[in-house]
Amino acid sequence: MARRQNTLATGTRTQQGSGELAGCRTEGDIVVADAELAEVSALLVDESMLTGESVPVDEAPGARLSAWTVVVSGRGVATVTATGADSVLGRIAAQLSSSGRQSAMNQENSRSEP
């Protein structure tokens, strides 16, 4: 059975299903789903949103990409492994919202409201 190949990054198609084959190929594109790389060509990805690391990562086949990382240069083809709430970022968001904690800014705003 032939698989559809779609764009994994913003721009062409934003909805991805798990198991779909997708490509990321434009500098500045935001990866929109967690995925496992099948092919790469000089692919550098900025993962600073999740890791805090300021240096782009040189990705290789078999590496996992996370949603909301940014393509710095190069190209790749990957299989989507998770989207939305099932993605790494979705799980982080769920943990933060279920913790019941408020950020320092939200706590300050709550105190200053009449």
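This is a predicted model, so every value here is computed, not measured.

Caption draft 1: Representation of the side chain of Asp34 in the model. Looking at the secondary structure, you find Asp34 in strand S3 (residues 34-46). Although Asp34 lies buried, it forms no salt bridge, and the closest oppositely charged side chain, Arg91, sits 4.7 Å away as judged by the N-O distance. There is a polar contact of 2.7 Å between the side chain of Asp34 and the backbone nitrogen of Val88. Setting aside chain neighbours within four positions, we find Asp34 in contact with Leu65, Ser66, Ala67, Thr79, Val80, Thr81, Ala82, Ser87 and Val88.

Caption draft 2: Quick peek at the nonpolar core. In terms of nonpolar packing, the biggest core is built from 9 residues, these being Val31, Ala35, Leu37, Leu43, Val45, Ala63, Leu65, Val71 and Ala78. Looking at this core, the elements with two or more residues in it are S3 and strand S6 (70-82). Element by element, the count of residues in this core is highest for S3, at 4 residues.

Caption draft 3: Molecular detail of unusual backbone geometry. You will see that Ala42, though not glycine, has its phi angle at about 50°, which is positive. Along the polypeptide, Ala42 turns up in strand S3. At Trp68, a position not held by glycine, the phi torsion is positive, near 75°. Accessibility expressed as a relative area gives 41% for Trp68, which makes it partly exposed.

Caption draft 4: Geometry of the confidence of the model for the chain. Summary statistics for the chain give a mean pLDDT of 76 and a share of 64% for residues scoring 70 or more. When mean pLDDT is taken per element in the chain, strand S4 (residues 57-58) scores highest with 94 and strand S1 (residues 5-7) scores lowest with 46. Low pLDDT, under 50, characterises residues 10-16; the stretch is placed with 17 contacts to residues that sit more than four places away or in other chains.

Caption draft 5: Main features of the pairing of S3. As paired elements, S3 and S6 share 10 bridges and run antiparallel to each other. Bridge pairing in S6 links Leu37 to Ala78. Relative to strand S5 (residues 64-65), S3 runs antiparallel, the two sharing 2 bridges. Of the residues in S5, the one forming a bridge with Glu36 is Arg64. Where S3 lies against S4, 2 bridges are found, and the strand directions are antiparallel.

Rules and cut-offs
- Residues numbered from 1 in each chain as written.
- Predicted model: local features only at pLDDT ≥ 70, side-chain atom pairs only at ≥ 80, totals over all residues.
- Heavy atoms only, no water.
- Helix = DSSP H or I, 4+ residues; strand = E, 2+ residues; numbered from the N terminus.
- Buried < 20%, exposed > 50% of the residue type's maximum accessible area, 1.4 Å probe, protein only.
- Lys, Arg positive; Asp, Glu negative; His and termini not counted.
- Salt bridge = Lys/Arg side-chain N within 4 Å of Asp/Glu carboxyl O.
- Polar contact = N/O pair within 3.5 Å; in protein donor to acceptor, adjacent residues only side chain to side chain.
- Contact = heavy atoms within 4.5 Å.
- Core = buried A, V, L, I, M, F, W, Y, C linked by side-chain atoms within 4.5 Å.
- pLDDT = per-residue confidence, 0-100.
- Pairing = 2+ DSSP bridges.

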